[in-house]
Amino acid sequence: MDKGTFNEKYVDDKIVLTELETAKKVALKIEEIYGADRPKYYINTLGCQQNEADSERIAGLCELMGYEYTDDPTSAKLIFVNTCAIREHAEIRAISVIGEYKHIKDEDPSVVIGVGGCMVTQGHRADKIKRGMPYVNFVFDTGAIYKIPELVQNALSGGKRRFETENDFKIAENIPAVRRDAHKAWLSIMYGCNNFCSYCIVPYVRGRERSRKSDDILKEAKLLIEGGAKDITLLGQNVNSYGKDTGEGVDFADLMRKICRIDGDFRLRFMTSHPKDASDKLIEAMAEEDKIAKHFHLPVQSGSDGILKRMNRHYDVEKYLSIIDKLKSSVKDVSITSDIIVAFPGETEDDFEKTLDLLKYVRYDAVFSFIYSPRVGTPAAKMDGAVPKEVSRERFARLMDVVNPISLERNGRFLGKTLRVLAEEPCKNVEGLLTGRADSPRPIHFPAGADVIGKFVDVKITKAETFSMNGEIIK
Ligand code: 5AD
Ligand code: SF4
């Protein structure tokens, strides 16, 4: 797959328009079959925020086709599974979730099942569905979401099973999105990845990096803010390289500043950053712009230069720590988080200890750690030096022993302080509490009524734990 010119990165507007027309035709057909009692759609989204954002587009198309949302798959006539492939565990889960829906279809053969996302983009997985899961009506890769109306139309009229996995990854603008929470929004600014970290499946299943035009992003951001969005997360596999392919001369820091200029009371976040592209300019934007949350997720993956090289990360520990030092000195009270892979092929005890040293130096607010999982087709899957399972598990536990007390200490710095918190949702564990977040990604629980959801409130932190905090609203 080569880079192509900018315009080739787009699905032709006319093609998207035809699909949207097809969706309306499906809506007529649905009405013919079901009358006023609209049939339901259900989407099971696995994996990352990018998948969540994709599912919002899938939901938008479902509603255009006349379906109504349900969170109960057994009452749905149209079921989607949006799969993930980042680690083996995610794929096992996806396969088991798809299997669960077979029973629903056994009961009611008119149910239509579509499977999308990163897992099905891999030929061997699509083949497995083709041969072993005949109850799945259609499969679509992450570049084929815009084709859903046609795929559903075909399934409803008894057409052959379809497999849209030609990996023709482009940007399709103007697909409607349905967001469950008006106050929180994902906003994709780019798709795909060019980095080919040696362990990672993403570049193979989401294609090459392509950025949306800044005007399209600004238009969407404005609509979201006018619609009440208070917490917007800009999404991309590597947001720091935003704009390299647009020819507009607008890089990620410029884009953030432009969004901050939109009127309204909102907080801007972003995910994910690659350290090799994290610029001083971006750190300055974070330091200067009040609307940018003071949180930087900067995955390091390992604290050993040798392992970073084998991972094809294009930075060393010294370079990474220089970014961290700059961040800490420029952005007051910044929360920093990271991803770590434990037991990458060839990781020695000495390499692992270097990772622990790095964690103790940086003192992250939160670390998301994963045991290395070989992915078919990636260079790391062919590397020597597999770390035995017992050693991986032991290292993972030791990592937690270092990371968790630091998280507790980092959350403790807010004790007695008042933070500006967006009340997001009812607390999942304790009735009468709401859960929200300040700049730091850690959830904060506090007593309040549902009328506060979607509003910023001042919360005084009264308790700090490893993974969350508690507080009280200050009048
Ligand atoms: N095995 C384990 N962890 C992985 N990640 C990506 N690929 C793998 C893999 N093959 C982790 C990285 C990345 C996060 C999203 O998932 O830490 O930053
Ligand atoms: Fe995967 Fe590396 Fe791209 Fe992140 S930057 S999606 S880890 S290849």
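Computed from a prediction, not measured in an experiment: that's the story for all the values here. (Residues numbered from 1 in each chain as written. Chains lettered and ligands numbered in written order. Predicted model: local features only at pLDDT ≥ 70, side-chain atom pairs only at ≥ 80, totals over all residues. Heavy atoms only, no water.)

Colleague: Got a sec to walk through the layout of surface pockets? Specific residues and values, please.
Modeller: As a volume, the second largest pocket reaches approximately 820 Å³. Lining of the second largest pocket is provided by 41 residues; of these, Arg57, Glu173, Asn174, Ile175 and Arg212 occupy positions nearest its centre. Every element with two or more residues in the lining of the second largest pocket is listed here: α2 (49-64), β7 (184-188) and α7 (214-226). Counted by class, the lining of the second largest pocket contains 18 nonpolar, seven polar and 16 charged residues. Looking at which domains feed residues into the lining of the second largest pocket, each of domain 1 (3-164) and domain 2 (181-293) gives three or more. (1 Å grid on protein atoms, 1.4 Å probe; cavity = no way out; pocket = protein on both sides within 12 Å on 5 of 7 lines; lining within 4 Å. Points joined across faces, edges and corners; volume = space filled by probe spheres on them. Helix = DSSP H or I, 4+ residues; strand = E, 2+ residues; numbered from the N terminus. Nonpolar A, V, L, I, M, F, W, Y, C, P; charged D, E, K, R; others polar. Domains from an automatic or database assignment.)

Colleague: Outline the site of ligand 2, listing residues and values.
Modeller: With respect to spatial proximity, the complete set of residues near ligand 2 consists of Cys193, Asn195, Phe196, Cys197, Tyr199, Cys200, Val202, Pro203, Gln237, His274 and Arg313. Split by residue class, the shell around ligand 2 holds seven nonpolar, three polar and one charged. (Near = heavy atom within 4 Å.)

Colleague: Describe the sheet that holds strand β4 (residues 112-117), listing the residues and the values that go with them.
Modeller: Across the sheet, which stays open at both edges, the six strands sit in the order β2-β1-β3-β4-β5-β6 with parallel pairing between neighbours. The sheet terminates laterally at β2 (68-69) and β6 (162-164), the two strands that pair on one side only. In terms of strand pairing, strand β1 (residues 40-45) meets β2 through two bridges, oriented parallel. Within the sheet, the bridge partner assigned to tyrosine 41 lies in β2 and is tyrosine 69. Taken strand by strand, α2 contacts β1, β2, β3 (78-83) and β5 (138-140), and its axis lies near 170 degrees from that of β1. Sitting on the sheet, helix α3 (residues 88-107) touches β1, β3 and β4, and the angle it makes with β3 is about 170 degrees. (Pairing = 2+ DSSP bridges. Contact = heavy atoms within 4.5 Å. Axes fitted to C-alpha atoms, helices over the stretch in contact; angles between N-to-C directions.)

Colleague: So what's going on with the site of ligand 1? Residues and values would help.
Modeller: The environment of ligand 1 is formed by Ile86, Arg87, Tyr199, Gln301, Asp339, Ile341, Phe370, Ile371, Tyr372, Ser373 and Arg375. Here aspartate 339 contributes a side-chain N or O atom positioned 2.6 Å from an oxygen atom of ligand 1. At 2.8 Å from a nitrogen atom of ligand 1 is found a main-chain nitrogen or oxygen belonging to serine 373. Contact with the protein chains hides 86% of the accessible area of ligand 1, taken as 400 Å² for the molecule alone. Looking at the shell around ligand 1, the elements with two or more residues in it are β13 (335-342) and β14 (366-371). The class makeup of the residues in the shell around ligand 1 is six nonpolar, two polar and three charged. (Polar contact = N/O pair within 3.5 Å; in protein donor to acceptor, adjacent residues only side chain to side chain. Areas by Shrake-Rupley, 256 points an atom, 1.4 Å probe, with all protein chains shown as cover.)

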